[in-house]
Protein chains: 2
Amino acid sequence: MLTLVVDCMGSDAGSSVTVQGILDFLKINNECNIIAVGKKEELTLLEGNPKIEIVDARDVAPMTISPLEVMRARESSLYKAVNIMRERKCDGVISAGSTGGFLSCATIKLKMIEGISRAALVSPFPTKDGTPTAILDIGASNENTADQLVQFARMGRLYCQHVFDIKEPKVYLLSNGLEDEKGSPEVKEAHRLLKESNFPGFKGNVEARDALDGHCDVIVTGGFTGNVFLKSSEGMAKMMSSMIKKAFKRNIFSKIGYLLSHKGFDDMKEKMDYHSYGGAILLGVNGVVVKAHGSANAYSFKCALNVAYRMAKNDIVSLLKKGE
Amino acid sequence: MLTLVVDCMGSDAGSSVTVQGILDFLKINNECNIIAVGKKEELTLLEGNPKIEIVDARDVAPMTISPLEVMRARESSLYKAVNIMRERKCDGVISAGSTGGFLSCATIKLKMIEGISRAALVSPFPTKDGTPTAILDIGASNENTADQLVQFARMGRLYCQHVFDIKEPKVYLLSNGLEDEKGSPEVKEAHRLLKESNFPGFKGNVEARDALDGHCDVIVTGGFTGNVFLKSSEGMAKMMSSMIKKAFKRNIFSKIGYLLSHKGFDDMKEKMDYHSYGGAILLGVNGVVVKAHGSANAYSFKCALNVAYRMAKNDIVSLLKKGE
């Protein structure tokens, strides 16, 4: 039986979404126990469930908490959840709280897997044809070496095999051109290393404009660039969505136009909806660490628990240790 | 009287768009001469115009030409145009040909302005509220130092003052967080340098997701990251546009819906249309160098000529030399 530790307090919307997420998750998963960490008076809906243990934590780590501060915030639900994960050797920890705080705390407490020098945050992105693409690192680091990029390729491949069930993932490097010699110095060097080692499934470079057209299973990038990629895609999607809304609200004709055509736009919205992906996973540390979106709803938080469960069940940490 | 040199052959659509672009440009600008370089049999429409000199060039540099190859392609319209610009001390050179080839040829032939160690490619981006944002470097370099980022801030500020007519541009650094200490090592250092020198209009970091919401006049970034920003924004815009088309083509109702609401979507298309921006400018070399889009149409090419004209008239190169 697996056990997942949940920081119930980090989400923007408060504990109601995490509590509901846990209850929904347990409805479809019998083979899992939950340790719910947070203000116990907010977790009463979880009481009495034999699969749930409640651990009281009086503080909530703020979203802007620094790596140093988080290690001192010992009464926060975030710190406590990670600490329980380590001390009781649980199978995974999930939080919708501060990304920086959660990642530093998890990295310091759980330590890196031997042979991996930098953890990477990986997230699936929706693509044009509906199949997801895993991109890493999307923001755990501020700079990465070529060797770290090669490690990311390895971790991304395993993630893709065990989360997307793709046997032979196609792996690409994010660059500013398709040719082998294009890229920042680290990207060029990583390209050489991946090519010379015949890295399984390595297909070369991909440009950011083609990254989401569905032909890549894994896209490897440094944390700084990956973060810019994530946020510029998000920004453009947000900008165009607000333009679409405005276009339909223009006058009475366009409003009727919306009524006639909204089904296609609903489909589009669903395809672009990141909630179903449940959040990002920190790969490379000794344990399954899942960062749910700060703006997660109950459905999204349930999906984050599902991702953690799946990663733990497939024992991805052992696979990474073996370097498979 | 200013003189602009035009490579008439580089565009994807051939010389017809560049020729038409030149004719349209001259209709609105009397105070400019054009040296048109290309296969003379394709430039017959330009013959007999007292403002136009035609220079025959038999070769067309391919889009994939390398920096080394371009310097040997002496019969290409691209090389010839840059060479004429230098030898006859013209006021600007415009090409819709190979970005890499054009930039290397221009940098080598025209040389860098003293005090500037790296040229930057700058382009305006459409934003949510319609005002443009200038982003640089979007791809001239593969890596940049903190000092180079500071130079980009200086060049971007001047560009914004003289192309957008904004007296006190708001200048931001592209980073992975708003806080001063966020970013890659170079970005953090550039932040410190800009802040400590009280760089005029420097407002701190901006995240990629907010870059196009209209509050930034200039966004400074390294060439590799800038290129990822440009192309991921482009990619997401392309993906959503194709989804919008699909949503409207879904069935007979959605098609009627389109007829009722298309005006708002036409506006949106116009706002997002990069053609009116005319292309990217290479700042930092001794001369006005404008790279028109490879997929430029006649209108877009005319706009590129306009941008070059404006930059030359404002003598941006002297301003950059003075370090104003």
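Residues numbered from 1 in each chain as written. Chains lettered and ligands numbered in written order. Predicted model: local features only at pLDDT ≥ 70, side-chain atom pairs only at ≥ 80, totals over all residues. Heavy atoms only, no water.

**Looking at helix α9 (residues 298–313) of chain A**
- With 16 residues, α9(A) ought to run about 22 Å at 1.5 Å a step, and its terminal C-alpha atoms sit 22 Å apart, in line with that.
- Looking only at α9(A), the buried set comprises Ala298(A), Ser300(A), Phe301(A), Lys302(A), Cys303(A), Ala304(A), Leu305(A), Val307(A), Ala308(A), Tyr309(A), Met311(A) and Ala312(A). (Helix = DSSP H or I, 4+ residues; strand = E, 2+ residues; numbered from the N terminus. Expected span 1.5 Å × (residues − 1). Buried < 20%, exposed > 50% of the residue type's maximum accessible area, 1.4 Å probe, protein only.)

**A look at the sheet that holds strand β7 (residues 171–175) of chain A**
All names here are of chain A.
- Here we have 11 strands laid out as an open sheet, ordered β3-β2-β1-β4-β11-β10-β5-β6-β9-β7-β8, and mixed in their pairing. At either margin of the open sheet sits one strand with a lone partner, and together these are β3 (52–56) and β8 (202–207). The mean angle between the axes of side-by-side strands here comes to 25°, regardless of whether they run parallel or antiparallel.
- Where strand β1 (residues 2–7) lies against strand β2 (residues 32–38), six bridges are found, and the strand directions are parallel. Among the inter-strand pairings, Leu-4 is bridged to a residue of β2, identified as Ile-34.
- Strands β7 and β8 of the sheet are contacted by helix α6 (residues 185–196), whose axis makes an angle of about 160° with β7. (Pairing = 2+ DSSP bridges. Axes fitted to C-alpha atoms, helices over the stretch in contact; angles between N-to-C directions. Contact = heavy atoms within 4.5 Å.)

**Re the interface of chain A and chain B**
- Taken together, the 55 residues of chain A in the interface contact 55 residues of chain B.
- Summed over both partners, the interface of chain A with chain B buries about 5000 Å², with 69% contributed by carbon and sulfur atoms.
- Taken together, the links from chain A to chain B amount to eight salt bridges.
- With its nearest N and O atoms 2.9 Å apart, the salt bridge here joins Arg209(B) to Glu234(A).
- Of all the secondary structure elements, the ones that give two or more residues to the side of chain A that touches chain B are β7, α6, α7 (223–248) and α8 (252–272) of chain A. (Buried area = accessible area lost by both parts, 1.4 Å probe. Salt bridge = Lys/Arg side-chain N within 4 Å of Asp/Glu carboxyl O.)

**Description of unusual backbone geometry**
- In this model, Leu136(A) is joined to Asp137(A) through a cis peptide bond whose omega is 0°.
- Of note, Asn198(A) is a non-glycine position whose phi angle comes to about 50°, a positive value.
- Structurally, Asn198(A) is set in the loop between α6 and β8.
- We classify Asn198(A) as exposed; its relative accessible area is 65%.
- Positive phi, close to 60°, is recorded for Asp165(B), a residue that is not glycine.
- Examined against the element boundaries, Asp165(B) turns out to sit in the loop between α5 (146–163) and β7 (171–175).

**Details of the relation of the copies chain A and chain B**
- Least-squares fitting of chain A to chain B yields an RMSD of 0.1 Å, with the transformation described by 0.0 Å of translation along the axis and a rotation of 180°. A rotation of that kind, with that shift, is consistent with a two-fold axis. Using C-alpha coordinates, one finds that chain A approaches the rotation axis most closely at Gly257(A), a distance of 1.7 Å.
- Comparing interface residues between copies, 100% of those in chain A also sit at the interface in chain B, which points to an isologous, same-surface contact. (Least-squares fit on C-alpha atoms with pLDDT ≥ 70 in both.)

**Considerations on a negative patch on the surface**
- A cluster of acidic side chains, namely Glu143(A), Glu186(A), Glu143(B) and Glu186(B), defines a negative patch on the protein surface.
- As for its position among the elements, Glu186(B) is in helix α6 (residues 185–196). (Patch = residues over 30% accessible without salt bridge, like charges linked within 9 Å, V, L, I, M, F, W, Y side chains within 5 Å. Areas by Shrake-Rupley, 256 points an atom, 1.4 Å probe, with all protein chains shown as cover. Lys, Arg positive; Asp, Glu negative; His and termini not counted. Charge placed at Lys NZ, Arg CZ, Asp CG, Glu CD.)

**Quick notes on the sheet that holds strand β8 (residues 202–207) of chain B**
Residues and elements named next belong to chain B.
- Reading across the sheet, the 11 strands line up as β3-β2-β1-β4-β11-β10-β5-β6-β9-β7-β8 and stay open at both edges, with mixed pairing between neighbours. The sheet is open, and its two borders are formed by β3 (52–56) and β8, each paired with just one other strand. Shown here is a sheet whose adjacent strand axes are inclined to one another by a mean of 25°, direction ignored.
- Its contacts with the sheet put helix α1 (residues 15–28) on β1 (2–7), β2 (32–38) and β3, and the angle it makes with β2 is roughly 175°.

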